[in-house]
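# Summary of structural features
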Amino acid sequence: MGLHETAAATLLGGERRIETAARNVTNANTPGYKREIAYSEIAEPNTSNNMPSNAVPTVSSTTMANQGVLLDTGNLLDVAINGPGLMLVRDGERFAFSRGGNLGIGNEGILVDALGRAVQRAGGGDLELTNAAVEILADGTVLDGDVPIGTIGMFEAGDLDTKSSISATQRDALLEADASEFKQGMIERSNVTLSDEMVELMRTQRQVESGAQLVRAYDQLMSQAISTFSRSGS
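Notes on the structure in this doc start here.

Criteria and cut-off values
Residues numbered from 1 in each chain as written. Predicted model: local features only at pLDDT ≥ 70, side-chain atom pairs only at ≥ 80, totals over all residues. Heavy atoms only, no water. Helix = DSSP H or I, 4+ residues; strand = E, 2+ residues; numbered from the N terminus. Rg over C-alpha atoms; globule rule 2.2 N^0.38 Å. Buried < 20%, exposed > 50% of the residue type's maximum accessible area, 1.4 Å probe, protein only. Areas by Shrake-Rupley, 256 points an atom, 1.4 Å probe, with all protein chains shown as cover. Core = buried A, V, L, I, M, F, W, Y, C linked by side-chain atoms within 4.5 Å. Contact = heavy atoms within 4.5 Å. Pairing = 2+ DSSP bridges.

## Things to note about the overall build of the protein chain
For the protein chain, the helix and strand inventory stands at 3 helices and 17 strands. Whereas a compact globule of 234 residues would reach a radius of gyration of roughly 17 Å, the protein chain reaches 25 Å, over 25% beyond that. Reported as C-alpha extents along the three principal axes, the dimensions of the protein chain are approximately 95 × 40 × 30 Å. Taken over 234 residues, the protein chain has a buried fraction of 34%. When the accessible surface of the protein chain is summed, it comes to about 13600 Å², and 52% of that surface belongs to carbon and sulfur atoms.

## Here we look at the environment of A212
You can see A212 is positioned in helix α3 (residues 194-233). A212 sits in the partly exposed class, given a relative accessible area of 25%. Placed 132 residues apart in sequence, A212 and A80 show a C-alpha to C-alpha distance of 45 Å.

## As for the nonpolar core
With 18 residues, the main nonpolar core has L111, I152 and F182 as its most contacted residues. Ignoring any residue separated from it by four or fewer positions in sequence, one finds F182 in contact with V79, A80, I81, M87, I136, L137, A138, D139, G140, I152, G153 and M154. By size, the runner-up hydrophobic cluster in this structure holds 8 residues, among which are L86, F95, A157 and I166.

## Regarding the pairing of strand β13 (residues 147-151)
Across 4 bridges, the pairing between strand β12 (residues 141-144) and β13 is antiparallel. Directly across from V142, in β13, lies its bridge partner G150. Hairpin connection between β12 and β13: a loop of 2 residues separates the two successive antiparallel strands, and G145 in this loop has a positive phi of roughly 75°.

## Structural notes on the sheet that holds strand β4 (residues 78-82)
Spatial ordering of the open sheet is given by β7-β4-β16, a layout of 3 strands whose pairing is antiparallel. Of all strands in the sheet, those with a lone pairing partner are β7 (101-102) and β16 (181-184), marking the two edges.

## Re the sheet that holds β13
Pairing within the open sheet is antiparallel, and its 3 strands lie in the order β11-β12-β13. Looking at strand neighbours, the two that pair on one side only are β11 (135-136) and β13, the edges of this open sheet.

## Section: the pairing of β4
Of all 5 residues in β4, 4 are buried; the element is thus mostly enclosed. Sheet analysis places β4 next to β7, joined by 2 bridges and oriented antiparallel. When the bridges of β7 are listed, D78 appears paired with N102. Inspection of the sheet shows β4 paired to β16 by 4 bridges, in the antiparallel sense. Following the sheet pairing, I81 is matched in β16 by F182.

Structure representation (C-alpha coordinates):
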(Lines give C-alpha, C1' and ligand atoms only; values in the text may rest on other atoms or scores of the structure.)
Protein backbone atom coordinates (compact mmCIF):
# COMPACT_ATOMS: atom_id res chain seq x y z
CA MET A 1 0.00 0.00 0.00
CA GLY A 2 3.04 2.30 0.24
CA LEU A 3 2.15 3.07 3.87
CA HIS A 4 5.66 2.46 5.14
CA GLU A 5 7.22 4.62 2.40
CA THR A 6 4.75 7.44 3.06
CA ALA A 7 5.45 7.34 6.79
CA ALA A 8 9.22 7.39 6.24
CA ALA A 9 8.95 10.31 3.81
CA THR A 10 6.75 12.21 6.28
CA LEU A 11 9.21 11.72 9.15
CA LEU A 12 12.23 12.59 7.00
CA GLY A 13 10.49 15.69 5.69
CA GLY A 14 9.68 16.75 9.24
CA GLU A 15 13.31 16.33 10.24
CA ARG A 16 14.47 18.55 7.38
CA ARG A 17 11.88 21.21 8.18
CA ILE A 18 13.01 21.27 11.80
CA GLU A 19 16.66 21.60 10.70
CA THR A 20 15.73 24.53 8.45
CA ALA A 21 13.77 26.30 11.19
CA ALA A 22 16.62 25.68 13.65
CA ARG A 23 19.13 27.34 11.32
CA ASN A 24 16.81 30.33 10.98
CA VAL A 25 16.37 30.68 14.74
CA THR A 26 20.11 30.29 15.36
CA ASN A 27 20.89 33.07 12.86
CA ALA A 28 18.03 35.41 13.79
CA ASN A 29 20.59 37.94 15.08
CA THR A 30 23.26 37.31 12.42
CA PRO A 31 23.67 40.47 10.29
CA GLY A 32 22.67 39.90 6.67
CA TYR A 33 21.40 36.34 7.19
CA LYS A 34 18.64 35.29 4.79
CA ARG A 35 15.81 33.08 5.95
CA GLU A 36 15.41 29.61 4.45
CA ILE A 37 11.99 28.20 3.64
CA ALA A 38 11.34 24.46 3.43
CA TYR A 39 8.82 23.21 0.89
CA SER A 40 7.54 19.86 -0.32
CA GLU A 41 7.69 18.58 -3.86
CA ILE A 42 6.57 15.33 -5.42
CA ALA A 43 9.34 13.27 -6.98
CA GLU A 44 8.69 10.17 -9.05
CA PRO A 45 11.13 7.47 -7.92
CA ASN A 46 12.84 5.19 -10.40
CA THR A 47 11.05 1.93 -11.12
CA SER A 48 12.54 -1.40 -12.06
CA ASN A 49 11.23 -4.66 -13.51
CA ASN A 50 8.23 -2.74 -14.86
CA MET A 51 6.80 -2.60 -11.35
CA PRO A 52 4.89 0.64 -10.56
CA SER A 53 5.94 2.72 -7.60
CA ASN A 54 4.03 5.49 -5.81
CA ALA A 55 5.36 9.03 -5.92
CA VAL A 56 6.86 10.17 -2.60
CA PRO A 57 7.13 13.74 -1.27
CA THR A 58 10.58 15.22 -0.68
CA VAL A 59 11.50 18.40 1.17
CA SER A 60 13.80 21.02 -0.33
CA SER A 61 14.57 24.56 0.74
CA THR A 62 14.95 27.96 -0.85
CA THR A 63 16.29 31.28 0.42
CA MET A 64 14.25 34.44 0.91
CA ALA A 65 16.25 37.23 -0.70
CA ASN A 66 14.25 40.18 0.64
CA GLN A 67 16.37 42.76 2.44
CA GLY A 68 16.39 43.04 6.20
CA VAL A 69 16.05 46.28 8.15
CA LEU A 70 19.17 48.48 8.15
CA LEU A 71 20.27 49.58 11.62
CA ASP A 72 22.57 52.51 12.39
CA THR A 73 25.46 51.43 14.66
CA GLY A 74 27.83 54.38 14.33
CA ASN A 75 30.77 51.98 13.91
CA LEU A 76 32.86 53.11 10.93
CA LEU A 77 33.71 49.53 9.98
CA ASP A 78 30.12 48.31 10.02
CA VAL A 79 28.94 48.05 6.41
CA ALA A 80 25.46 47.20 5.14
CA ILE A 81 24.35 46.75 1.54
CA ASN A 82 21.25 48.52 0.24
CA GLY A 83 20.10 46.43 -2.71
CA PRO A 84 20.67 42.85 -3.93
CA GLY A 85 24.48 43.06 -4.24
CA LEU A 86 26.91 40.86 -2.32
CA MET A 87 30.37 41.27 -0.89
CA LEU A 88 32.97 38.56 -1.40
CA VAL A 89 35.20 37.24 1.38
CA ARG A 90 38.16 34.85 1.21
CA ASP A 91 38.45 31.85 3.52
CA GLY A 92 41.74 30.19 2.68
CA GLU A 93 41.63 29.16 -0.98
CA ARG A 94 37.84 29.38 -1.20
CA PHE A 95 35.52 32.38 -1.42
CA ALA A 96 32.09 33.07 0.04
CA PHE A 97 29.33 35.61 -0.44
CA SER A 98 28.45 38.02 2.36
CA ARG A 99 25.98 40.80 3.01
CA GLY A 100 28.47 42.74 5.09
CA GLY A 101 27.99 43.44 8.76
CA ASN A 102 30.57 43.78 11.48
CA LEU A 103 33.93 44.28 9.79
CA GLY A 104 37.26 44.80 11.47
CA ILE A 105 41.02 44.89 10.92
CA GLY A 106 42.72 41.52 11.11
CA ASN A 107 46.28 40.31 10.75
CA GLU A 108 48.58 42.45 8.61
CA GLY A 109 45.92 45.16 8.40
CA ILE A 110 43.54 43.12 6.23
CA LEU A 111 39.85 44.05 6.40
CA VAL A 112 37.95 40.99 7.68
CA ASP A 113 34.38 40.05 8.52
CA ALA A 114 33.14 38.75 11.90
CA LEU A 115 34.38 35.25 11.00
CA GLY A 116 37.89 36.46 10.17
CA ARG A 117 37.49 36.07 6.39
CA ALA A 118 39.30 38.61 4.21
CA VAL A 119 37.08 41.13 2.41
CA GLN A 120 37.80 41.22 -1.32
CA ARG A 121 38.50 44.28 -3.41
CA ALA A 122 36.80 45.09 -6.70
CA GLY A 123 39.01 43.35 -9.23
CA GLY A 124 40.27 40.81 -6.70
CA GLY A 125 42.66 40.70 -3.78
CA ASP A 126 42.42 41.40 -0.05
CA LEU A 127 41.71 44.95 1.10
CA GLU A 128 44.28 46.35 3.54
CA LEU A 129 43.73 49.26 5.96
CA THR A 130 46.23 51.24 7.99
CA ASN A 131 43.61 52.36 10.54
CA ALA A 132 39.88 52.09 11.26
CA ALA A 133 39.17 55.81 10.78
CA VAL A 134 38.18 55.48 7.14
CA GLU A 135 35.26 56.63 5.02
CA ILE A 136 33.44 54.09 2.87
CA LEU A 137 31.53 55.61 -0.02
CA ALA A 138 28.35 54.22 -1.57
CA ASP A 139 30.30 52.60 -4.43
CA GLY A 140 32.65 50.86 -1.99
CA THR A 141 35.59 53.26 -2.35
CA VAL A 142 37.55 53.43 0.92
CA LEU A 143 39.10 56.79 1.81
CA ASP A 144 41.86 57.29 4.38
CA GLY A 145 41.51 61.01 4.83
CA ASP A 146 41.14 62.19 1.23
CA VAL A 147 43.24 59.37 -0.19
CA PRO A 148 41.45 56.39 -1.82
CA ILE A 149 43.14 53.15 -0.70
CA GLY A 150 40.90 50.62 -2.43
CA THR A 151 37.35 49.65 -3.28
CA ILE A 152 35.25 46.95 -1.63
CA GLY A 153 33.86 44.70 -4.34
CA MET A 154 30.11 44.40 -4.92
CA PHE A 155 29.05 41.37 -6.93
CA GLU A 156 26.11 39.46 -8.39
CA ALA A 157 25.82 35.75 -7.55
CA GLY A 158 24.01 34.80 -10.76
CA ASP A 159 23.11 31.09 -10.64
CA LEU A 160 25.56 30.32 -7.82
CA ASP A 161 24.37 29.22 -4.39
CA THR A 162 25.00 32.19 -2.10
CA LYS A 163 25.31 29.89 0.95
CA SER A 164 28.09 27.76 -0.56
CA SER A 165 31.75 28.59 -1.07
CA ILE A 166 33.11 29.10 -4.58
CA SER A 167 36.44 28.55 -6.29
CA ALA A 168 38.85 31.15 -7.65
CA THR A 169 37.67 30.30 -11.17
CA GLN A 170 34.05 30.99 -10.25
CA ARG A 171 35.14 34.18 -8.50
CA ASP A 172 36.82 35.46 -11.65
CA ALA A 173 33.58 34.97 -13.61
CA LEU A 174 31.45 37.09 -11.24
CA LEU A 175 29.84 40.28 -12.49
CA GLU A 176 29.90 43.49 -10.49
CA ALA A 177 26.54 44.64 -9.11
CA ASP A 178 25.26 48.03 -10.27
CA ALA A 179 21.93 48.44 -8.48
CA SER A 180 23.29 48.37 -4.91
CA GLU A 181 25.17 50.68 -2.58
CA PHE A 182 27.15 50.46 0.63
CA LYS A 183 25.92 52.08 3.84
CA GLN A 184 28.76 52.84 6.24
CA GLY A 185 28.08 52.64 9.98
CA MET A 186 25.08 50.35 9.50
CA ILE A 187 24.28 46.65 9.59
CA GLU A 188 21.48 44.72 7.94
CA ARG A 189 19.39 42.64 10.31
CA SER A 190 18.47 39.12 9.28
CA ASN A 191 15.05 38.79 7.65
CA VAL A 192 14.06 36.03 10.09
CA THR A 193 10.86 36.56 12.10
CA LEU A 194 10.90 34.34 15.18
CA SER A 195 7.12 34.09 15.37
CA ASP A 196 7.06 32.64 11.84
CA GLU A 197 9.63 30.03 12.86
CA MET A 198 7.58 29.06 15.93
CA VAL A 199 4.50 28.56 13.76
CA GLU A 200 6.56 26.45 11.34
CA LEU A 201 7.86 24.31 14.20
CA MET A 202 4.34 23.68 15.52
CA ARG A 203 3.14 22.78 12.02
CA THR A 204 6.09 20.42 11.61
CA GLN A 205 5.39 18.79 14.97
CA ARG A 206 1.88 17.89 13.78
CA GLN A 207 3.39 16.49 10.58
CA VAL A 208 5.82 14.31 12.53
CA GLU A 209 3.01 13.07 14.76
CA SER A 210 1.00 12.03 11.71
CA GLY A 211 4.04 10.16 10.36
CA ALA A 212 4.42 8.35 13.69
CA GLN A 213 0.73 7.37 13.56
CA LEU A 214 1.29 5.89 10.10
CA VAL A 215 4.21 3.84 11.45
CA ARG A 216 2.03 2.51 14.27
CA ALA A 217 -0.74 1.68 11.80
CA TYR A 218 1.77 -0.15 9.59
CA ASP A 219 3.04 -2.15 12.57
CA GLN A 220 -0.51 -3.10 13.55
CA LEU A 221 -1.32 -4.23 10.01
CA MET A 222 1.86 -6.31 9.84
CA SER A 223 1.09 -7.90 13.24
CA GLN A 224 -2.44 -8.74 12.11
CA ALA A 225 -1.15 -10.19 8.85
CA ILE A 226 1.44 -12.35 10.64
CA SER A 227 -1.17 -13.53 13.12
CA THR A 228 -3.63 -14.39 10.31
CA PHE A 229 -1.03 -16.30 8.29
CA SER A 230 0.09 -18.16 11.42
CA ARG A 231 -3.45 -19.33 12.18
CA SER A 232 -4.10 -20.33 8.59
CA GLY A 233 -0.92 -22.38 8.49
CA SER A 234 -1.58 -24.23 11.73
